[in-house]
Amino acid sequence: MRGNMIKKFVPFFIVLVFLAGCTQSPESVAKKFYQSISERDFDTAKQYSTARVHTMLSLMANMGSDKSFQEAGKAEISNCKIEGDVANCDVTLPNNKKDKIRLVKVAGKWKVDIRK
């Protein structure tokens with residue numbers, strides 16, 4: 001009897017583990033966004049950002065040298081404060097410059113949403 005119960009719950013646990021792996025925090029999304037920029041992989045950066053940011057990324061792709069973007073991959077993301085579907089995180093760049101980045105939930109996924 002106990003073996004049958006375990007067999008019935010195995011698919012449930014597999015789905016649960018899969019869904020837990022799919023959930024990305026604002027910190028991890030912001031880090032992947034910056035890492036993509038550092039690699040000049042703007043198509044991947046677009047996956048981690050809203051449509052509003054896509055135009056900016058297209059412009060960035062046509063300017064700057066590889067070296068000017070490399071530092072972005074070293075950005076440290078911390079202190080994300082989540083309020084509903086908006087997260088505001090602190091960013092520390094390698095030159096100790098402090099900044100903030102805003103993320104919003106779009107269809108259940110965190111996306112970088114830079115506003116002027």
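Residues numbered from 1 in each chain as written. Predicted model: local features only at pLDDT ≥ 70, side-chain atom pairs only at ≥ 80, totals over all residues. Heavy atoms only, no water.

### Description of the side chain of Ser-38
Here's step 1: Secondary-structure assignment places Ser-38 in helix H2 (residues 26-38).
Here's step 2: Apart from residues lying up to four places away in sequence, Ser-38 is in contact with Phe-69, Gln-70, Ala-72 and Gly-73. (Helix = DSSP H or I, 4+ residues; strand = E, 2+ residues; numbered from the N terminus. Contact = heavy atoms within 4.5 Å.)

### Points about the confidence of the model for the chain
Here's step 1: Summary statistics for the chain give a mean pLDDT of 82 and a share of 76% for residues scoring 70 or more.
Here's step 2: Mean pLDDT across the elements of the chain bottoms out in helix H1 (residues 2-22) (42) and peaks in strand S4 (residues 109-112) (98).
Here's step 3: Predicted confidence for residues 5-21 stays below pLDDT 50, and this span has 0 contacts to residues more than four positions away or in other chains. (pLDDT = per-residue confidence, 0-100.)

### Observations concerning the sheet that holds strand S2 (residues 86-92)
Here's step 1: Read from one edge of the open sheet, 4 strands run S1-S2-S3-S4, paired in antiparallel fashion. Each edge of the sheet is formed by a strand with only one pairing partner; in this case those strands are strand S1 (76-83) and S4. Mean inter-strand twist for the sheet, computed between neighbouring axes without regard to direction, equals 30°.
Here's step 2: One ladder, built from 4 bridges, connects strand S3 (residues 98-106) with S4; its direction is antiparallel. Looking at S4, one finds that Val-106 is bridged to Lys-109.
Here's step 3: In the packing of H2 onto the sheet, contacts are made with S1, S2, S3 and S4, and the angle to S1 comes to roughly 135°. (Pairing = 2+ DSSP bridges. Axes fitted to C-alpha atoms, helices over the stretch in contact; angles between N-to-C directions.)

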